[in-house]
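Spelled out, the chains give:
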Amino acid sequence: MKMLNRIITGTLLIFLIVVVLFFLPLFYAATLFTIVSLYGFYEWLKVTKKTDLSIGLYLILMALLMLLLLFYHNHITVVALTYASLFIWLLISIDMFFGSRIYKVILDHQSSLLGLYIITTAWFLIISMGSTTATSVINDDPYLLFSIEKSNINLYLLFLITLISITDASGYFVGKHFGNAKLCESISPNKTLIGLFGSILAPLIVFFFLFSFVYNLPIIIEDLVFMLLCCIYCTFGDLFMSIFKRHFDVKDTGNLLPGHGGILDRLDSYLPTVAIFQFWLFL
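Cut-offs and rules
Residues numbered from 1 in each chain as written. Predicted model: local features only at pLDDT ≥ 70, side-chain atom pairs only at ≥ 80, totals over all residues. Heavy atoms only, no water. Helix = DSSP H or I, 4+ residues; strand = E, 2+ residues; numbered from the N terminus. Buried < 20%, exposed > 50% of the residue type's maximum accessible area, 1.4 Å probe, protein only. Phe/Tyr/Trp six-rings, centres within 6.5 Å; stacked < 30°, edge-to-face > 60°. Patch = residues over 30% accessible without salt bridge, like charges linked within 9 Å, V, L, I, M, F, W, Y side chains within 5 Å. Areas by Shrake-Rupley, 256 points an atom, 1.4 Å probe, with all protein chains shown as cover. Salt bridge = Lys/Arg side-chain N within 4 Å of Asp/Glu carboxyl O. Expected span 1.5 Å × (residues − 1). Arc of directions from axis to C-beta. Axes fitted to C-alpha atoms, helices over the stretch in contact; angles between N-to-C directions. Parallel < 35°, antiparallel > 145°, perpendicular 65-115°, else oblique. Left-handed = near helix turned anticlockwise from the far one by under 90°. Contact = heavy atoms within 4.5 Å. Nonpolar A, V, L, I, M, F, W, Y, C, P; charged D, E, K, R; others polar. Core = buried A, V, L, I, M, F, W, Y, C linked by side-chain atoms within 4.5 Å.

Chemist: Provide a residue-level description of the overall build of the protein, including the pertinent values.
Modeler: Secondary structure summary: the protein contains 10 helices and 0 strands in total. The order of α-helices and β-strands along the protein, N terminus first, is α-α-α-α-α-α-α-α-α-α. Considering the protein as a whole, with its 283 residues, one finds that 46% of them fall into the buried category.

Chemist: Please give an account of the packing of aromatic side chains that cites residues and values.
Modeler: Taken as a whole and judged by the stated rule, the model has 23 aromatic pairs. Note on W89 and F240: the rings are 4.8 Å apart at their centroids and 65 degrees apart in plane angle, and the pair reads as edge-to-face. Here W89, found in helix α4 (residues 75-97), pairs with F240, found in helix α8 (residues 221-247); they are 151 residues apart in sequence, far enough to count as distant. No difference in accessibility class separates W89 from F240, as the two residues are buried. Ring geometry for F159 and F211: centres 5.5 Å apart, planes at 90 degrees, overall edge-to-face. One end of the pair, F159, is in helix α6 (residues 153-177); the other, F211, is in helix α7 (residues 193-214), and 52 residues separate them in sequence.

Chemist: Can you break down a nonpolar patch on the surface residue by residue, with the values?
Modeler: A contiguous nonpolar patch, built from I14, V18, F22, F23, L24, F27, Y28 and L155 and spanning about 780 Å² of accessible area, is present on the exposed surface. Listed by contribution, the elements that provide at least two residues to the nonpolar patch are α1 (2-23) and α2 (26-47). Broken down by element, the residue count for the nonpolar patch peaks at 4 residues, all from α1. Tracing the backbone through its elements, the reader meets L155 in helix α6.

Chemist: Could you give an account of the pattern of salt bridges, naming the residues involved and the relevant values?
Modeler: Side chains carrying opposite charge are able to pair once their charged atoms draw close together. For the coordinates displayed, the defined rule picks out 1 salt bridge. A salt bridge links K245 to D265, with the shortest nitrogen-to-oxygen separation between them at 2.8 Å. With K245 in helix α8 and D265 in helix α9 (residues 263-267), the pair connects residues that are 20 residues apart, well separated along the chain. The exposure classification of K245 matches that of D265, with both residues buried.

Chemist: Describe helix α3 (residues 52-72), listing the residues and the values that go with them.
Modeler: In an α-helix there are 3.6 residues to a turn, and that puts residues three or four apart on one side. Between the first and last C-alpha of α3 there are 30 Å, a value that for 21 residues agrees with the 30 Å anticipated at 1.5 Å per step. Of the residues making up α3, those classed as buried are I55, M62, M66, L69 and L70. Each buried residue of α3 lies within a common arc of 100 degrees when the element is viewed along its axis, so the set occupies one face. Exposed side of α3, more than 90 degrees from the buried face: L53, L57, L64 and Y72 are the residues found there.

Chemist: Account for the packing of α8 against helix α10 (residues 270-282), naming residues and giving values.
Modeler: At a closest axis distance of 7 Å, the pairing of α8 and α10 adopts a crossing angle of 160 degrees. In terms of their interaxial angle, α8 and α10 are classed as roughly antiparallel. The interaxial crossing formed by α8 with α10 has right-handed handedness. When α8 is examined against α10, the residues D223, F226, M227, L229, C230, Y233, C234, G237, F240 and M241 are found in contact with a partner set consisting of L271, P272, T273, I276, F277, F279 and W280. Class assignment for the residues of the contact of α8 with α10 results in 14 nonpolar, 2 polar and 1 charged.

Chemist: Break down the nonpolar core for me, citing the residues and quoting the values.
Modeler: Within the largest apolar cluster, 72 residues are counted, with the highest numbers of intra-cluster contacts made by W44, W123 and F240. Sort the elements by how many residues they give to this core and helix α5 (residues 101-127) lands first, with 12 residues.

Chemist: Lay out unusual backbone geometry in plain terms, naming residues and giving numbers.
Modeler: Phi at K49 takes a positive value of approximately 65 degrees, unusual for a residue other than glycine. Judged by its relative accessible area of 59%, K49 is exposed.

Chemist: Describe the packing of α3 against α5, naming the residues involved and giving the relevant values.
Modeler: At their nearest, the axes of α3 and α5 sit 11 Å apart, and the two run at 35 degrees to each other. Taken as a pair, α3 and α5 cross one another with a handedness that is right-handed. Here Y58, L61, M62, L65, M66, L69 and L70 of α3 lie close against α5, whose contacting residues are S112, L113, L116, I119, T120, W123, F124 and I127.

Spatial relationships are all this shows, so hold off on functional conclusions.
Shown next as C-alpha cells:
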C-alpha cells in the first residue's frame, strides 16, 4: 500500500511540476517554491519541538529574509551564497565521515538557525538560478523567476528536478532489490552500497544517452564530473536529513505526501545540490 501511495503521489507531483514550469508564467513556479520552502521550514521547526509561538516567529523571520533577498540581491549575493553553500556542505560531508559530531552539537543548540540558513539559501539559489546581473525583483531580470514570464530557465529547472528524481528513485529501487552491504547503517539502515552506485550510474547513463544521441549535445568530462557530484550530494542531503530525524527521534518530517512523508523528506536531496548545479551551469 505504501508503494502504491508513493507512486501515486510521485505521479501527481510530476504532473504539477510540468504544468507549473511549462504552462504558467515562472512567477507561479517561484511562488510554489516559496510556499514549499516555508512549509519545509515549518516541518523542520515541528521536528525540533519548538512551541507554536517560536514557530510563528521563525516563519516570519524567514519570510522577511526572503523579501530582503528578493528586493536587494545582486550578482555578488548570488555568488557569495553559492560559494558559502558549497563550503558548508563540504564541511557537513566531512563531518559525516567523522560521525557528524559538529552537526549534532549544532542541532542541540542552534537547530532552528541551521534550518533557517540551509532552507532559505537553497530557496534563493533556485529563485535566482542563472542570475548574472546586479538587478532586483522590481527590475527586469531575465534570470529572476519572480520577474519573468518566459525563459529557458524552466528547462534547467526541469533538468535539475529530473536529475535528482532519477538519482533518488534509482537509489531506492536498486538498494531495495539488490545487495545487502550497508552504506552507513548507523545513520540510515536501509541505504546500501549498491543503492549508492545505482543512484550515481543510472542518471549518468540516462543523461549521457539523452544529450549525446537524442539532442546531439556534446557531453564533456566537466559535465560528467559535476553531474557525478550532484548525484553524490543527493545522497549526502538524504543522510543529512536522516541524521536530523534520528537526532529528534522521528521517522518522517511530516505526513503531507502519502508514501513519501513530509515536504522535507522530498527536499533533502535538493538542499546541497542546488549550489552545485548553480556553480556548474551558471557561474
